[in-house]
Amino acid sequence: MASVLPSDIPRPEPEPTVQRRSVARTVAAAVALVTGVGLVAGAATGSLLSDGPRAQARPGAYEVARDLWHTTPVDTLFPPRLEGDGAGPGGADRVWVRVAVAPPTGCKKGLDAALARELRRLGCEKLLRATYADATRSSVTTVGLVFTAAGAAKTSRFEERFEDEDLGARTDMLPRAYGTETGPAAGFGDEQRATWTVRVLSDAPVVLYAVTGFADGRAVPEPEPANGAVHPGATTAPAQAGLGHDTEGIADRVERGLRKTSARATESPR
């Protein structure tokens, strides 16, 4: 009898079900590989675009400051009480109490023509004002915040021009006072303006000013810029009364408060 070799034994064809399972496994493995690579790549790309919720783009302080006039309580922009440690003549302490707050208005209504015309270059959006009296009620000061539509570059150029041409020292650029019918600011108007300052804040779309007069309503025929009225050798009535220190002291504190409020608004949520 002839011997039968193993290779001569006919092998059964694979079952169709077995073939389908093999193909399915291969396809599944390929899909898993592609999907895994896609997830890794997506994660890597995501890490470049965002480092979690805290890294999401947030507006800078300059843009945030633009909306502070209607998003911030008046007591934050113009506190009811301002402490002026060392802000008076000879380093004396000062305290100022808010006696009036004006409703928001436009520059044309709230500023003299020359200053309003200059600020139109920045696109005056809104003017906020408050008036303070010192603790002895001998002086009154109106402080104003002019919010503009200008971008940072335009504001910076305007600030340079304002300083180069010394526009803040021109008497036709005197800010307008905000008086009241009664109280220490009664009768505080154009004729009572004694000293003033105007500041263009290049790090915010804001122009800040302060103007001071005597609380007794006396007229001042020759107003003096605050930086001159605080000079140790100044002998004018506003300088001798320390009105320049009131102007600078109140302006300083409102400016600092504005910057702090803007900085807090740009902080990432914890």
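In this report, the structure presented in the accompanying data block is examined.

The rules behind the values
- Residues numbered from 1 in each chain as written.
- Predicted model: local features only at pLDDT ≥ 70, side-chain atom pairs only at ≥ 80, totals over all residues.
- Heavy atoms only, no water.
- Buried < 20%, exposed > 50% of the residue type's maximum accessible area, 1.4 Å probe, protein only.
- Helix = DSSP H or I, 4+ residues; strand = E, 2+ residues; numbered from the N terminus.
- Pairing = 2+ DSSP bridges.
- Salt bridge = Lys/Arg side-chain N within 4 Å of Asp/Glu carboxyl O.
- Core = buried A, V, L, I, M, F, W, Y, C linked by side-chain atoms within 4.5 Å.
- Contact = heavy atoms within 4.5 Å.
- Phe/Tyr/Trp six-rings, centres within 6.5 Å; stacked < 30°, edge-to-face > 60°.
- Lys NZ or Arg CZ within 6 Å of the ring centre and 35° of its normal.

Focus: the pairing of strand S6 (residues 206-214)
Buried residues dominate S6, accounting for 9 of its 9 residues. Across 9 bridges, the pairing between strand S4 (residues 139-148) and S6 is antiparallel. Within S6, the residue paired with Ser139 across the bridge is Phe214. Bridge count between strand S5 (residues 195-201) and S6: 7 bridges; the pairing is antiparallel. Looking at the pairing, Val200 lines up with Val207 of S6. Here S5 folds back onto S6, and the loop between the two strands holds 4 residues.

What to know about the pattern of salt bridges
Applying the stated criterion to the full structure yields 17 salt bridges. A salt bridge links Arg193 to Asp112; the nearest nitrogen and oxygen atoms lie 3.0 Å apart. Of this pair, Arg193 sits in the loop between helix H7 (152-164) and S5 while Asp112 sits in the loop between helix H5 (107-110) and helix H6 (113-119), and the two are 81 residues apart along the sequence. In this pair, the class of Arg193 matches that of Asp112, namely buried. Across the pair Arg199 and Glu248 runs a salt bridge whose closest N-O atoms are separated by 2.6 Å. Highlighted residues: Arg199 in strand S5 and Glu248 in helix H10 (residues 243-266), separated in sequence by 49 residues. Taken as a pair, Arg199 and Glu248 share a single burial class, namely buried.

Some words on the nonpolar core
Inside soluble globular proteins, nonpolar side chains tend to come together where they are buried. Counting 27 residues, the largest nonpolar core has Leu111, Leu119, Val146 and Val207 as the members making the most contacts within it. Sorting the residues of this core by element identifies H6, strand S3 (124-134), S4, H7, S5 and S6 as the ones contributing at least two each. In contact with Leu119, other than residues within four places in its own chain, are Leu111, Cys124, Val146, Phe158 and Val207. Core analysis: the second largest hydrophobic core is formed by 23 residues, Leu77, Leu128, Phe147 and Ala251 among them.

Some thoughts on the sheet that holds S4
Overall, mixed pairing links the 7 strands, which are arranged S1-S2-S3-S4-S6-S5-S7 in an open sheet. With one partner strand each, in any of the chains shown, strand S1 (81-84) and strand S7 (224-225) form the two edges of the open sheet.

Concerning the packing of aromatic side chains
If you walk through the whole model with that rule in mind, you get 1 aromatic pair. Seen in terms of ring centroids, Phe158 and Phe162 are 5.7 Å apart; in terms of plane orientation they differ by 35°. Their pairing is tilted. A residue pair is termed a helical-turn pair when its members lie 3 or 4 positions apart in one helix, as Phe158 and Phe162 do in helix H7 at 4 residues. Just as Phe158 is buried, Phe162 falls in that class too. Here the guanidinium or amino end of Arg218 rests over the ring plane of Phe214, the centre of that ring lying 3.9 Å away.

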